[in-house]
Amino acid sequence: MAQTPQGKPLPQITDQTRPFWSAAKQRKLVMQKCDRCGTLNFYPKPWCVECGNRGLDWVEVKPYGTIYSLTTAYVVMMNYPDWKDDLPVIMCIIDLDDGARMYGQLTDCAPDKAHIGMRVQAHFVDISEEAAIPKFRPA
Amino acid sequence: MRAEVAIVGFGRTPYSRVKPGERIYTVDEYLAWAADLALAKAGMSKNDFDGQGLGVAHAEAAHTVNWSAAVAESLGISPRVLLRADQGGASASAMLIRAAAMIHAGIVDRVLVMGADTPLTIPSIAPGLPLSPERTRGVFWDFQGPFGVMGANAQFGLVHARYLHQHKNRIKPEHLGKIAVTTRYHASLNPGAIYRKPFTVEEYLSSRILSDPVRLLDCVPMVNGGLAYIVTSVETAKKLTDKPIYLLGFGEVSNYYHGSRNQPDITYTGFEQTVPEALKMAGVQHKDIDVFEPYDDYPMVVLIQMEDYGFCKKGEGGKFVEERDLTFKGDFPISTDGGQLSGGQPGGAIGGFMPIIEAVTQLRGEGGERQVKGASIAAASGFGGMTYARNNRSCVTMIFGSEA
(Lines give C-alpha, C1' and ligand atoms only; values in the text may rest on other atoms or scores of the structure.)
Protein backbone atom coordinates (compact mmCIF):
# COMPACT_ATOMS: atom_id res chain seq x y z
CA MET A 1 0.00 0.00 0.00
CA ALA A 2 1.20 3.47 -0.87
CA GLN A 3 1.74 4.61 2.64
CA THR A 4 4.61 5.14 5.00
CA PRO A 5 3.65 3.54 8.34
CA GLN A 6 5.36 6.38 10.13
CA GLY A 7 6.09 9.66 8.50
CA LYS A 8 4.45 11.68 5.81
CA PRO A 9 1.62 9.79 4.18
CA LEU A 10 1.79 9.35 0.41
CA PRO A 11 -1.21 9.33 -1.91
CA GLN A 12 -2.35 6.17 -3.62
CA ILE A 13 -2.06 7.14 -7.28
CA THR A 14 -4.79 5.80 -9.55
CA ASP A 15 -5.67 6.30 -13.22
CA GLN A 16 -8.24 8.81 -12.01
CA THR A 17 -5.78 11.00 -10.12
CA ARG A 18 -2.49 10.41 -11.99
CA PRO A 19 -2.89 13.50 -14.22
CA PHE A 20 -2.85 15.74 -11.15
CA TRP A 21 0.28 14.20 -9.63
CA SER A 22 2.11 13.98 -12.96
CA ALA A 23 1.33 17.61 -13.80
CA ALA A 24 2.51 18.70 -10.36
CA LYS A 25 5.77 16.88 -11.08
CA GLN A 26 5.99 19.10 -14.21
CA ARG A 27 5.32 22.17 -12.00
CA LYS A 28 1.81 22.63 -13.33
CA LEU A 29 -1.45 22.85 -11.40
CA VAL A 30 -4.24 21.01 -13.20
CA MET A 31 -7.88 20.37 -12.31
CA GLN A 32 -10.88 18.75 -13.94
CA LYS A 33 -13.03 21.13 -15.94
CA CYS A 34 -16.55 20.10 -16.90
CA ASP A 35 -16.89 20.06 -20.70
CA ARG A 36 -20.57 20.96 -20.38
CA CYS A 37 -20.90 23.68 -17.71
CA GLY A 38 -17.27 24.73 -17.30
CA THR A 39 -17.10 24.13 -13.53
CA LEU A 40 -13.68 23.34 -12.09
CA ASN A 41 -13.83 20.26 -9.86
CA PHE A 42 -11.39 19.62 -7.04
CA TYR A 43 -10.40 17.25 -5.44
CA PRO A 44 -10.76 14.85 -8.43
CA LYS A 45 -14.38 13.83 -8.89
CA PRO A 46 -16.11 11.03 -10.86
CA TRP A 47 -18.46 13.54 -12.49
CA CYS A 48 -19.08 17.26 -12.32
CA VAL A 49 -20.46 18.11 -8.86
CA GLU A 50 -22.37 21.00 -10.40
CA CYS A 51 -24.20 19.30 -13.29
CA GLY A 52 -23.46 15.56 -13.09
CA ASN A 53 -21.66 15.40 -16.43
CA ARG A 54 -18.97 12.69 -16.63
CA GLY A 55 -17.07 14.60 -19.29
CA LEU A 56 -14.25 16.15 -17.30
CA ASP A 57 -11.06 17.44 -18.93
CA TRP A 58 -7.83 18.05 -17.06
CA VAL A 59 -6.88 21.68 -17.67
CA GLU A 60 -4.08 23.84 -16.36
CA VAL A 61 -5.26 26.50 -13.92
CA LYS A 62 -3.53 29.71 -12.92
CA PRO A 63 -1.35 29.00 -9.89
CA TYR A 64 -2.57 32.08 -8.04
CA GLY A 65 -5.09 32.46 -5.30
CA THR A 66 -6.12 34.03 -2.01
CA ILE A 67 -6.05 32.53 1.47
CA TYR A 68 -9.66 31.84 2.53
CA SER A 69 -8.68 30.45 5.94
CA LEU A 70 -5.58 29.21 7.71
CA THR A 71 -4.51 27.31 10.81
CA THR A 72 -0.98 26.95 12.12
CA ALA A 73 -0.15 23.56 13.64
CA TYR A 74 2.46 23.67 16.41
CA VAL A 75 2.29 19.96 17.15
CA VAL A 76 2.02 16.90 14.94
CA MET A 77 -1.45 15.48 15.01
CA MET A 78 -2.69 12.12 13.83
CA ASN A 79 0.32 9.88 13.35
CA TYR A 80 2.40 11.81 10.86
CA PRO A 81 5.64 12.19 12.86
CA ASP A 82 7.70 13.27 9.84
CA TRP A 83 5.80 16.53 9.75
CA LYS A 84 7.60 17.36 12.99
CA ASP A 85 10.57 18.83 11.13
CA ASP A 86 8.23 21.13 9.20
CA LEU A 87 6.54 22.63 12.28
CA PRO A 88 4.97 25.07 12.55
CA VAL A 89 2.86 23.99 9.54
CA ILE A 90 0.59 26.70 8.16
CA MET A 91 -2.32 24.89 6.50
CA CYS A 92 -4.64 26.98 4.35
CA ILE A 93 -7.79 26.79 2.36
CA ILE A 94 -6.92 28.59 -0.87
CA ASP A 95 -9.47 30.12 -3.21
CA LEU A 96 -7.83 29.93 -6.62
CA ASP A 97 -8.35 32.80 -9.01
CA ASP A 98 -9.89 30.39 -11.51
CA GLY A 99 -12.70 29.53 -9.10
CA ALA A 100 -11.75 26.31 -7.27
CA ARG A 101 -10.87 25.81 -3.61
CA MET A 102 -8.12 23.59 -2.24
CA TYR A 103 -6.01 22.80 0.79
CA GLY A 104 -2.47 24.08 0.57
CA GLN A 105 0.45 24.54 2.92
CA LEU A 106 1.86 28.05 3.10
CA THR A 107 5.65 28.11 3.07
CA ASP A 108 8.25 30.89 3.07
CA CYS A 109 6.14 32.90 5.51
CA ALA A 110 6.23 33.40 9.28
CA PRO A 111 2.97 32.42 11.04
CA ASP A 112 2.47 35.95 12.37
CA LYS A 113 2.73 37.36 8.85
CA ALA A 114 0.23 34.94 7.29
CA HIS A 115 -3.34 36.16 7.10
CA ILE A 116 -6.69 35.53 5.49
CA GLY A 117 -6.90 37.48 2.24
CA MET A 118 -3.17 37.09 1.52
CA ARG A 119 -2.30 36.61 -2.15
CA VAL A 120 -0.39 33.40 -2.77
CA GLN A 121 1.31 31.54 -5.62
CA ALA A 122 1.74 27.79 -6.00
CA HIS A 123 5.08 26.03 -6.02
CA PHE A 124 5.76 22.32 -6.09
CA VAL A 125 7.59 19.88 -3.84
CA ASP A 126 8.45 16.36 -5.06
CA ILE A 127 7.18 13.54 -2.86
CA SER A 128 8.05 10.54 -5.04
CA GLU A 129 9.29 9.47 -8.47
CA GLU A 130 5.91 10.21 -9.99
CA ALA A 131 4.30 12.84 -7.80
CA ALA A 132 4.73 16.32 -6.40
CA ILE A 133 2.53 18.34 -4.04
CA PRO A 134 1.56 21.94 -4.70
CA LYS A 135 2.31 24.28 -1.81
CA PHE A 136 1.94 28.04 -1.71
CA ARG A 137 4.06 31.05 -0.87
CA PRO A 138 3.24 34.74 -0.67
CA ALA A 139 2.75 36.11 -4.19
CA MET B 1 -44.38 11.51 12.14
CA ARG B 2 -44.61 13.62 15.29
CA ALA B 3 -44.43 11.52 18.48
CA GLU B 4 -44.90 8.19 16.73
CA VAL B 5 -41.91 6.61 18.45
CA ALA B 6 -40.32 6.86 21.87
CA ILE B 7 -37.03 6.00 23.49
CA VAL B 8 -37.60 3.53 26.31
CA GLY B 9 -34.10 2.50 27.29
CA PHE B 10 -30.53 3.63 27.01
CA GLY B 11 -27.12 2.72 28.30
CA ARG B 12 -23.62 4.03 28.38
CA THR B 13 -20.66 1.95 29.46
CA PRO B 14 -17.92 3.43 31.62
CA TYR B 15 -15.36 5.13 29.39
CA SER B 16 -11.68 4.21 29.36
CA ARG B 17 -8.50 6.13 28.64
CA VAL B 18 -6.65 2.78 28.65
CA LYS B 19 -4.47 3.21 31.69
CA PRO B 20 -1.68 0.67 32.12
CA GLY B 21 -2.92 -2.56 33.67
CA GLU B 22 -6.53 -1.86 32.80
CA ARG B 23 -8.69 -4.60 31.29
CA ILE B 24 -9.03 -3.77 27.58
CA TYR B 25 -12.48 -4.34 26.10
CA THR B 26 -13.17 -4.95 22.41
CA VAL B 27 -15.83 -3.21 20.36
CA ASP B 28 -18.04 -6.33 20.55
CA GLU B 29 -17.76 -6.36 24.34
CA TYR B 30 -18.63 -2.67 24.59
CA LEU B 31 -21.63 -3.18 22.29
CA ALA B 32 -22.97 -6.01 24.44
CA TRP B 33 -22.29 -4.02 27.62
CA ALA B 34 -24.11 -0.92 26.36
CA ALA B 35 -27.00 -3.00 25.02
CA ASP B 36 -27.23 -4.85 28.33
CA LEU B 37 -27.61 -1.53 30.19
CA ALA B 38 -30.24 -0.30 27.71
CA LEU B 39 -32.20 -3.57 27.87
CA ALA B 40 -32.17 -3.51 31.67
CA LYS B 41 -33.43 0.06 31.65
CA ALA B 42 -36.29 -0.90 29.33
CA GLY B 43 -37.03 -4.18 31.09
CA MET B 44 -36.40 -6.11 27.88
CA SER B 45 -34.27 -9.03 26.75
CA LYS B 46 -32.10 -9.34 23.68
CA ASN B 47 -34.54 -11.94 22.38
CA ASP B 48 -37.18 -9.23 22.14
CA PHE B 49 -35.25 -8.05 19.10
CA ASP B 50 -35.48 -11.25 17.10
CA GLY B 51 -37.62 -10.30 14.12
CA GLN B 52 -37.22 -6.61 14.96
CA GLY B 53 -34.58 -3.99 14.18
CA LEU B 54 -30.90 -3.82 15.09
CA GLY B 55 -28.81 -0.74 14.34
CA VAL B 56 -25.04 -0.56 14.49
CA ALA B 57 -23.01 2.62 14.06
CA HIS B 58 -19.90 2.25 11.97
CA ALA B 59 -16.79 2.09 14.11
CA GLU B 60 -13.28 2.80 12.93
CA ALA B 61 -12.20 -0.40 14.61
CA ALA B 62 -14.52 -2.43 12.38
CA HIS B 63 -12.87 -3.75 9.25
CA THR B 64 -15.07 -6.79 8.88
CA VAL B 65 -17.26 -7.14 5.82
CA ASN B 66 -20.98 -7.45 6.65
CA TRP B 67 -20.13 -5.87 9.96
CA SER B 68 -23.64 -5.19 11.25
CA ALA B 69 -24.61 -8.79 10.49
CA ALA B 70 -21.46 -9.95 12.23
CA VAL B 71 -22.54 -7.97 15.30
CA ALA B 72 -25.98 -9.65 15.19
CA GLU B 73 -24.19 -12.99 15.07
CA SER B 74 -21.86 -12.06 17.90
CA LEU B 75 -24.82 -10.99 20.08
CA GLY B 76 -27.09 -13.87 19.08
CA ILE B 77 -29.89 -11.67 17.78
CA SER B 78 -31.83 -12.51 14.57
CA PRO B 79 -33.21 -9.15 13.44
CA ARG B 80 -35.63 -8.64 10.57
CA VAL B 81 -33.92 -5.38 9.61
CA LEU B 82 -30.33 -4.34 10.08
CA LEU B 83 -29.31 -0.71 10.10
CA ARG B 84 -25.75 0.43 9.73
CA ALA B 85 -24.93 4.10 9.61
CA ASP B 86 -21.54 5.40 8.60
CA GLN B 87 -22.21 9.09 9.20
CA GLY B 88 -19.68 9.57 11.97
CA GLY B 89 -21.09 11.66 14.80
CA ALA B 90 -24.45 11.75 13.04
CA SER B 91 -24.78 7.94 12.89
CA ALA B 92 -26.73 7.56 16.14
CA SER B 93 -29.26 10.22 15.18
CA ALA B 94 -29.49 9.14 11.53
CA MET B 95 -30.37 5.63 12.73
CA LEU B 96 -33.03 7.06 15.04
CA ILE B 97 -34.70 8.61 12.00
CA ARG B 98 -34.37 5.37 9.98
CA ALA B 99 -35.78 3.42 12.93
CA ALA B 100 -38.69 5.84 13.30
CA ALA B 101 -39.47 5.51 9.59
CA MET B 102 -39.45 1.70 9.77
CA ILE B 103 -41.69 1.70 12.84
CA HIS B 104 -43.97 4.23 11.13
CA ALA B 105 -44.16 1.92 8.09
CA GLY B 106 -45.03 -1.05 10.28
CA ILE B 107 -41.98 -3.06 9.25
CA VAL B 108 -40.79 -3.40 12.83
CA ASP B 109 -42.10 -2.37 16.25
CA ARG B 110 -38.79 -1.71 17.96
CA VAL B 111 -35.11 -1.17 17.22
CA LEU B 112 -32.03 -1.61 19.38
CA VAL B 113 -29.42 0.92 18.23
CA MET B 114 -25.84 0.66 19.41
CA GLY B 115 -22.38 1.99 18.85
CA ALA B 116 -18.95 1.43 20.32
CA ASP B 117 -15.39 2.16 19.39
CA THR B 118 -11.93 1.72 20.80
CA PRO B 119 -9.88 4.53 19.25
CA LEU B 120 -7.17 4.24 21.89
CA THR B 121 -6.42 0.62 21.10
CA ILE B 122 -7.02 0.28 17.35
CA PRO B 123 -4.15 0.86 14.95
CA SER B 124 -5.81 3.79 13.17
CA ILE B 125 -5.01 6.30 15.88
CA ALA B 126 -2.59 4.69 18.30
CA PRO B 127 0.78 6.48 18.02
CA GLY B 128 3.49 4.76 16.09
CA LEU B 129 1.22 2.29 14.36
CA PRO B 130 0.10 2.39 10.72
CA LEU B 131 -3.06 4.13 9.72
CA SER B 132 -5.92 1.71 9.29
CA PRO B 133 -6.56 0.66 5.68
CA GLU B 134 -9.90 2.48 5.77
CA ARG B 135 -8.15 5.76 6.35
CA THR B 136 -5.75 5.31 3.50
CA ARG B 137 -8.39 4.58 0.90
CA GLY B 138 -10.03 7.03 -1.34
CA VAL B 139 -9.43 10.10 -3.40
CA PHE B 140 -10.79 12.27 -0.59
CA TRP B 141 -8.06 11.16 1.79
CA ASP B 142 -5.31 11.31 -0.85
CA PHE B 143 -5.84 15.05 -1.21
CA GLN B 144 -5.66 15.79 2.50
CA GLY B 145 -3.14 13.69 4.43
CA PRO B 146 -0.30 14.06 1.93
CA PHE B 147 -0.96 17.81 1.76
CA GLY B 148 -0.36 18.09 5.51
CA VAL B 149 -3.92 18.43 6.78
CA MET B 150 -3.32 16.85 10.16
CA GLY B 151 -6.74 15.70 11.25
CA ALA B 152 -9.71 17.25 12.98
CA ASN B 153 -7.80 19.96 14.86
CA ALA B 154 -6.63 21.40 11.54
CA GLN B 155 -10.02 21.02 9.87
CA PHE B 156 -11.89 22.67 12.73
CA GLY B 157 -9.07 25.18 13.10
CA LEU B 158 -9.79 26.34 9.56
CA VAL B 159 -13.51 26.78 10.29
CA HIS B 160 -12.67 28.51 13.57
CA ALA B 161 -10.17 30.90 11.94
CA ARG B 162 -12.59 31.83 9.20
CA TYR B 163 -15.31 32.55 11.77
CA LEU B 164 -12.93 34.83 13.71
CA HIS B 165 -12.11 36.64 10.46
CA GLN B 166 -15.75 37.27 9.56
CA HIS B 167 -16.86 38.30 13.05
CA LYS B 168 -13.62 39.62 14.52
CA ASN B 169 -15.20 42.38 16.58
CA ARG B 170 -17.91 40.17 18.00
CA ILE B 171 -16.12 37.03 19.15
CA LYS B 172 -13.58 36.64 21.93
CA PRO B 173 -11.66 33.56 23.12
CA GLU B 174 -13.45 34.05 26.45
CA HIS B 175 -16.76 33.15 24.79
CA LEU B 176 -15.40 29.78 23.70
CA GLY B 177 -13.74 29.41 27.08
CA LYS B 178 -17.10 29.80 28.78
CA ILE B 179 -18.49 26.91 26.74
CA ALA B 180 -15.48 24.71 27.60
CA VAL B 181 -15.67 25.65 31.30
CA THR B 182 -19.40 24.86 31.34
CA THR B 183 -18.89 21.36 29.95
CA ARG B 184 -16.25 20.70 32.59
CA TYR B 185 -18.48 22.00 35.37
CA HIS B 186 -21.24 19.65 34.21
CA ALA B 187 -18.75 16.80 33.97
CA SER B 188 -17.82 17.44 37.60
CA LEU B 189 -21.44 16.58 38.43
CA ASN B 190 -21.51 13.46 36.23
CA PRO B 191 -19.75 10.39 37.65
CA GLY B 192 -19.58 8.91 34.13
CA ALA B 193 -17.55 11.76 32.63
CA ILE B 194 -13.87 11.17 32.01
CA TYR B 195 -12.46 14.64 32.89
CA ARG B 196 -14.13 15.97 36.02
CA LYS B 197 -11.77 18.55 37.51
CA PRO B 198 -13.23 22.01 36.85
CA PHE B 199 -11.08 24.67 35.19
CA THR B 200 -11.46 28.43 34.77
CA VAL B 201 -11.68 30.63 31.69
CA GLU B 202 -8.16 31.84 32.56
CA GLU B 203 -6.89 28.26 32.50
CA TYR B 204 -8.64 27.74 29.17
CA LEU B 205 -6.94 30.86 27.78
CA SER B 206 -3.52 29.71 28.95
CA SER B 207 -3.85 26.18 27.53
CA ARG B 208 -1.40 25.75 24.69
CA ILE B 209 -2.24 26.35 21.06
CA LEU B 210 -2.21 23.11 19.05
CA SER B 211 -3.51 24.27 15.68
CA ASP B 212 -4.06 28.01 15.91
CA PRO B 213 -6.67 29.13 16.94
CA VAL B 214 -7.52 25.70 18.45
CA ARG B 215 -6.21 25.25 22.00
CA LEU B 216 -5.70 22.07 23.98
CA LEU B 217 -8.85 22.76 26.02
CA ASP B 218 -10.85 23.17 22.78
CA CYS B 219 -10.21 19.55 21.84
CA VAL B 220 -12.40 16.56 22.49
CA PRO B 221 -10.57 13.73 24.28
CA MET B 222 -10.80 10.26 22.77
CA VAL B 223 -11.95 7.35 24.92
CA ASN B 224 -12.94 3.72 24.47
CA GLY B 225 -16.58 3.02 25.20
CA GLY B 226 -20.04 2.08 23.97
CA LEU B 227 -23.58 3.41 24.01
CA ALA B 228 -27.02 2.11 23.06
CA TYR B 229 -30.64 3.13 23.02
CA ILE B 230 -33.97 1.40 22.35
CA VAL B 231 -36.70 3.03 20.29
CA THR B 232 -40.19 1.55 19.97
CA SER B 233 -43.67 2.36 18.76
CA VAL B 234 -45.62 4.54 21.18
CA GLU B 235 -47.99 1.64 21.98
CA THR B 236 -45.10 -0.59 23.04
CA ALA B 237 -43.36 2.27 24.84
CA LYS B 238 -46.36 2.87 27.06
CA LYS B 239 -46.43 -0.78 28.08
CA LEU B 240 -42.74 -0.74 28.97
CA THR B 241 -42.30 2.50 30.89
CA ASP B 242 -44.21 5.33 32.49
CA LYS B 243 -41.51 7.69 31.18
CA PRO B 244 -41.33 7.22 27.41
CA ILE B 245 -39.45 10.06 25.74
CA TYR B 246 -41.05 10.95 22.44
CA LEU B 247 -39.30 11.94 19.25
CA LEU B 248 -41.33 15.02 18.38
CA GLY B 249 -39.47 16.15 15.31
CA PHE B 250 -36.31 15.75 13.27
CA GLY B 251 -34.39 17.10 10.32
CA GLU B 252 -31.38 15.70 8.48
CA VAL B 253 -29.06 16.81 5.69
CA SER B 254 -25.72 15.65 4.34
CA ASN B 255 -23.16 17.49 2.20
CA TYR B 256 -24.79 20.86 2.81
CA TYR B 257 -23.47 23.97 1.09
CA HIS B 258 -24.09 27.53 2.21
CA GLY B 259 -23.58 29.44 -1.01
CA SER B 260 -21.86 28.03 -4.09
CA ARG B 261 -20.66 24.44 -4.25
CA ASN B 262 -17.14 25.49 -5.14
CA GLN B 263 -16.59 28.36 -2.71
CA PRO B 264 -19.25 28.24 0.05
CA ASP B 265 -19.19 30.05 3.39
CA ILE B 266 -17.79 27.41 5.74
CA THR B 267 -19.00 29.13 8.92
CA TYR B 268 -22.49 27.77 8.29
CA THR B 269 -23.68 24.22 8.84
CA GLY B 270 -26.66 22.21 7.62
CA PHE B 271 -28.41 22.95 10.90
CA GLU B 272 -29.83 26.08 9.32
CA GLN B 273 -31.87 23.69 7.16
CA THR B 274 -32.59 20.86 9.64
CA VAL B 275 -33.73 23.00 12.58
CA PRO B 276 -36.75 24.67 10.92
CA GLU B 277 -37.81 21.22 9.65
CA ALA B 278 -37.50 19.65 13.09
CA LEU B 279 -39.25 22.49 14.92
CA LYS B 280 -42.10 22.50 12.41
CA MET B 281 -42.65 18.77 12.76
CA ALA B 282 -42.50 19.02 16.54
CA GLY B 283 -44.78 22.04 16.65
CA VAL B 284 -42.48 23.84 19.06
CA GLN B 285 -40.53 27.09 19.04
CA HIS B 286 -37.07 28.00 20.27
CA LYS B 287 -38.44 29.40 23.52
CA ASP B 288 -40.03 26.02 24.31
CA ILE B 289 -36.67 24.23 24.42
CA ASP B 290 -35.62 23.63 28.03
CA VAL B 291 -32.25 22.01 27.40
CA PHE B 292 -29.91 21.91 24.40
CA GLU B 293 -27.56 19.00 23.83
CA PRO B 294 -25.34 20.14 20.96
CA TYR B 295 -22.71 18.03 19.28
CA ASP B 296 -19.76 19.43 21.18
CA ASP B 297 -16.43 18.20 19.88
CA TYR B 298 -15.09 21.81 19.83
CA PRO B 299 -16.54 24.93 21.55
CA MET B 300 -16.61 26.72 18.17
CA VAL B 301 -18.84 23.94 16.84
CA VAL B 302 -21.21 24.59 19.75
CA LEU B 303 -21.23 28.33 19.11
CA ILE B 304 -21.94 27.83 15.40
CA GLN B 305 -24.80 25.49 16.34
CA MET B 306 -26.33 28.15 18.60
CA GLU B 307 -26.39 30.44 15.58
CA ASP B 308 -27.48 27.93 12.95
CA TYR B 309 -30.20 26.63 15.28
CA GLY B 310 -31.52 30.18 15.34
CA PHE B 311 -31.09 30.77 19.06
CA CYS B 312 -29.28 33.92 17.92
CA LYS B 313 -28.22 35.45 14.61
CA LYS B 314 -25.06 34.55 12.69
CA GLY B 315 -22.16 36.40 14.27
CA GLU B 316 -23.98 36.95 17.56
CA GLY B 317 -22.99 33.66 19.19
CA GLY B 318 -20.35 35.37 21.32
CA LYS B 319 -22.79 37.88 22.71
CA PHE B 320 -25.37 35.14 23.25
CA VAL B 321 -22.89 33.02 25.23
CA GLU B 322 -21.86 36.06 27.25
CA GLU B 323 -25.43 36.94 28.18
CA ARG B 324 -26.70 33.47 28.98
CA ASP B 325 -26.09 31.09 31.85
CA LEU B 326 -25.20 27.83 30.10
CA THR B 327 -25.26 25.66 33.23
CA PHE B 328 -28.02 23.26 34.18
CA LYS B 329 -29.33 25.94 36.56
CA GLY B 330 -29.25 28.64 33.92
CA ASP B 331 -31.48 30.12 31.25
CA PHE B 332 -29.84 28.18 28.40
CA PRO B 333 -28.49 24.83 29.66
CA ILE B 334 -26.17 22.99 27.27
CA SER B 335 -24.10 19.77 27.37
CA THR B 336 -25.50 18.90 30.76
CA ASP B 337 -23.56 15.63 31.05
CA GLY B 338 -20.26 17.39 30.36
CA GLY B 339 -20.70 16.68 26.68
CA GLN B 340 -17.99 15.04 24.69
CA LEU B 341 -15.55 17.85 25.49
CA SER B 342 -15.29 16.77 29.11
CA GLY B 343 -17.16 13.47 29.06
CA GLY B 344 -15.00 11.89 26.34
CA GLN B 345 -15.61 10.86 22.75
CA PRO B 346 -15.67 7.13 22.03
CA GLY B 347 -14.15 7.51 18.57
CA GLY B 348 -15.16 9.96 15.93
CA ALA B 349 -18.26 7.96 15.14
CA ILE B 350 -19.90 7.12 18.46
CA GLY B 351 -19.99 10.39 20.42
CA GLY B 352 -23.21 11.20 18.58
CA PHE B 353 -25.10 8.89 20.93
CA MET B 354 -24.35 11.18 23.85
CA PRO B 355 -26.64 14.13 23.01
CA ILE B 356 -29.54 11.71 22.51
CA ILE B 357 -28.95 9.82 25.73
CA GLU B 358 -28.41 12.96 27.82
CA ALA B 359 -31.54 14.59 26.35
CA VAL B 360 -33.56 11.50 27.31
CA THR B 361 -31.93 11.41 30.76
CA GLN B 362 -32.89 15.04 31.39
CA LEU B 363 -36.46 14.61 30.16
CA ARG B 364 -36.91 11.59 32.41
CA GLY B 365 -35.72 13.72 35.32
CA GLU B 366 -32.79 11.40 35.93
CA GLY B 367 -30.00 13.96 35.67
CA GLY B 368 -29.14 13.74 39.36
CA GLU B 369 -26.95 16.64 40.47
CA ARG B 370 -27.05 18.15 36.98
CA GLN B 371 -30.83 17.89 36.45
CA VAL B 372 -32.46 20.81 34.63
CA LYS B 373 -35.53 21.49 36.74
CA GLY B 374 -38.79 20.70 35.00
CA ALA B 375 -37.21 19.97 31.59
CA SER B 376 -39.89 18.70 29.21
CA ILE B 377 -38.54 19.56 25.74
CA ALA B 378 -34.96 19.04 24.56
CA ALA B 379 -33.09 19.65 21.33
CA ALA B 380 -30.16 17.41 20.41
CA SER B 381 -27.70 17.28 17.52
CA GLY B 382 -25.94 14.73 15.40
CA PHE B 383 -22.93 16.07 13.51
CA GLY B 384 -20.74 13.81 11.45
CA GLY B 385 -17.61 13.81 9.38
CA MET B 386 -15.70 16.63 7.75
CA THR B 387 -15.91 17.51 4.08
CA TYR B 388 -12.93 18.61 2.02
CA ALA B 389 -12.12 22.24 2.90
CA ARG B 390 -15.62 23.02 4.14
CA ASN B 391 -17.60 22.28 7.29
CA ASN B 392 -19.11 18.98 8.37
CA ARG B 393 -20.74 16.29 6.29
CA SER B 394 -23.97 15.33 8.08
CA CYS B 395 -26.25 17.36 10.36
CA VAL B 396 -29.21 15.96 12.27
CA THR B 397 -31.53 17.84 14.60
CA MET B 398 -33.85 16.02 17.00
CA ILE B 399 -36.55 17.45 19.23
CA PHE B 400 -37.57 15.25 22.17
CA GLY B 401 -40.43 15.65 24.60
CA SER B 402 -41.64 14.00 27.79
CA GLU B 403 -45.23 14.49 26.60
CA ALA B 404 -46.54 13.38 23.21
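Refer to the preceding data block for the structure.
Residues numbered from 1 in each chain as written. Chains lettered and ligands numbered in written order. Predicted model: local features only at pLDDT ≥ 70, side-chain atom pairs only at ≥ 80, totals over all residues.

Asks: I'd like a rundown of the overall build of chain B, residues and numbers included.
Replies: What chain B contains, in helices and strands, is 14 helices and eleven strands. The C-alpha atoms of chain B give 20 Å as radius of gyration, which agrees with the globular expectation for 404 residues (22 Å, within 12%). Along the first, second and third principal axes, the C-alpha atoms of chain B reach 55 × 50 × 45 Å. In chain B, which comprises 404 residues, the share counted as buried stands at 58%. (Helix = DSSP H or I, 4+ residues; strand = E, 2+ residues; numbered from the N terminus. Rg over C-alpha atoms; globule rule 2.2 N^0.38 Å. Buried ≥ 20, exposed ≤ 12 C-beta atoms within 10 Å, placed from the backbone.)

Asks: Please provide a residue-by-residue account of the overall build of chain A, values included.
Replies: In terms of regular secondary structure, chain A is built from one helix and eight strands. The order of helices and strands in chain A, counted from the N terminus, is α-β-β-β-β-β-β-β-β. Computed over the C-alpha atoms, the radius of gyration of chain A is 16 Å, within 12% of the 14 Å expected from 2.2 N^0.38 for a compact globule of 139 residues. Its C-alpha atoms give chain A principal-axis dimensions of about 45 × 40 × 25 Å. Counting the 139 residues in chain A, one finds 37% classified as buried. Taking as baseline every contact in chain A between residues at least 6 positions apart, the subset at least 24 positions apart corresponds to 50%. (Contact = placed C-beta atoms within 7 Å.)

Asks: Tell me about the nonpolar core, residues and numbers included.
Replies: Residue and element names in this part refer to chain B. Core analysis: the largest hydrophobic core is formed by 155 residues, its most contacted members being Leu96, Val113, Tyr229 and Phe400. Sort the elements by how many residues they give to this core and helix H1 (residues 27-42) lands first, with ten residues. Counting contributing residues per domain, this core is built from domain 1 (5-126 + 224-245) and domain 2 (145-220 + 247-401), each supplying no fewer than three. Apart from residues lying up to four places away in sequence, Phe400 is in contact with Ile245, Tyr246, Leu247, Leu248, Ala359, Val360, Leu363, Ala378 and Ala380. Counting residues in hydrophobic clusters, the runner-up holds six residues, among them Tyr15, Ala193, Ile194 and Met222. (Core = buried A, V, L, I, M, F, W, Y, C linked by C-beta atoms within 7 Å. Domains from an automatic or database assignment.)

Asks: Describe in detail the interface of chain B and chain A, supporting the description with residues and values.
Replies: Between chain B and chain A, the residue contacts involve 33 residues of the former and 45 residues of the latter. Going through the elements one at a time, helix H5 (139-142), helix H6 (152-166) and strand E5 (209-212) of chain B are the ones with two or more residues in the side of chain B that touches chain A. The dominant element in the side of chain B that touches chain A, judged by the number of residues it contributes, is H6(B), at seven residues. Taken together, the residues that form the side of chain B that touches chain A break down as 17 nonpolar, twelve polar and four charged. Taken together, the two bridges between strand E4 (residues 64-73) of chain A and E5(B) define a ladder with antiparallel strand orientation. By the bridge assignment, A:Ala73 is partnered in E5(B) with B:Ser211. (Nonpolar A, V, L, I, M, F, W, Y, C, P; charged D, E, K, R; others polar. Pairing = 2+ DSSP bridges.)

Asks: Outline the sheet that holds strand E11 (residues 392-401) of chain B, supporting the account with residue identities and numerical values.
Replies: Residue and element names in this part refer to chain B. Within the open sheet, the nine strands sit side by side as E3-E2-E4-E7-E1-E8-E11-E10-E9. Their pairing is mixed. The outermost strands of the open sheet, each flanked by one partner alone, are strand E3 (81-85) and strand E9 (291-293). Between one strand and the next, the sheet's axes are offset by a mean angle of 25°, whatever the strand orientation. Sheet topology places strand E4 (residues 110-117) next to strand E7 (residues 225-233); eight bridges connect them, and they run antiparallel. Each residue of the ladder has a partner; that of Gly115, found in E7, is Leu227. Sheet strands in contact with helix H2 (residues 67-75) are strand E2 (53-57) and E3, and its direction is about 125° off that of E3. Of the strands in this sheet, strand E1 (5-12), E4, E7, strand E8 (245-254), E9, strand E10 (377-386) and E11 touch helix H14 (residues 353-363), which is tilted by about 175° from E10. (Axes fitted to C-alpha atoms, helices over the stretch in contact; angles between N-to-C directions.)

Asks: Got a sec to walk through the packing of H6(B) against helix H11 (residues 299-308) of chain B? Specific residues and values, please.
Replies: All names here are of chain B. One can describe the packing of H6 onto H11 by two numbers: an axis separation of 10 Å at closest approach and a directional angle of 55°. With respect to H11, the element H6 is oriented oblique. As for how H6 packs across H11, the hand of that crossing is left-handed. Across the interface between the two elements, Phe156, Val159, His160 and Tyr163 of H6 pack against Met300, Val301 and Ile304 of H11. Here the residues of the contact of H6 with H11 sort into six nonpolar, one polar and no charged. (Parallel < 35°, antiparallel > 145°, perpendicular 65-115°, else oblique. Left-handed = near helix turned anticlockwise from the far one by under 90°.)

Asks: Mind laying out the sheet that holds strand E1 (residues 30-34) of chain A, listing which residues take part and the relevant values?
Replies: All names here are of chain A. Ordered by their spatial adjacency, three strands build an open sheet running E2-E1-E3, and the pairing between neighbours is antiparallel. For this open sheet the edge positions go to strand E2 (40-41) and strand E3 (56-60), each flanked by a neighbour on one side alone. Both E1 and E2 contribute to a ladder of two bridges, which runs antiparallel. When the bridges of E2 are listed, Gln32 appears paired with Asn41.

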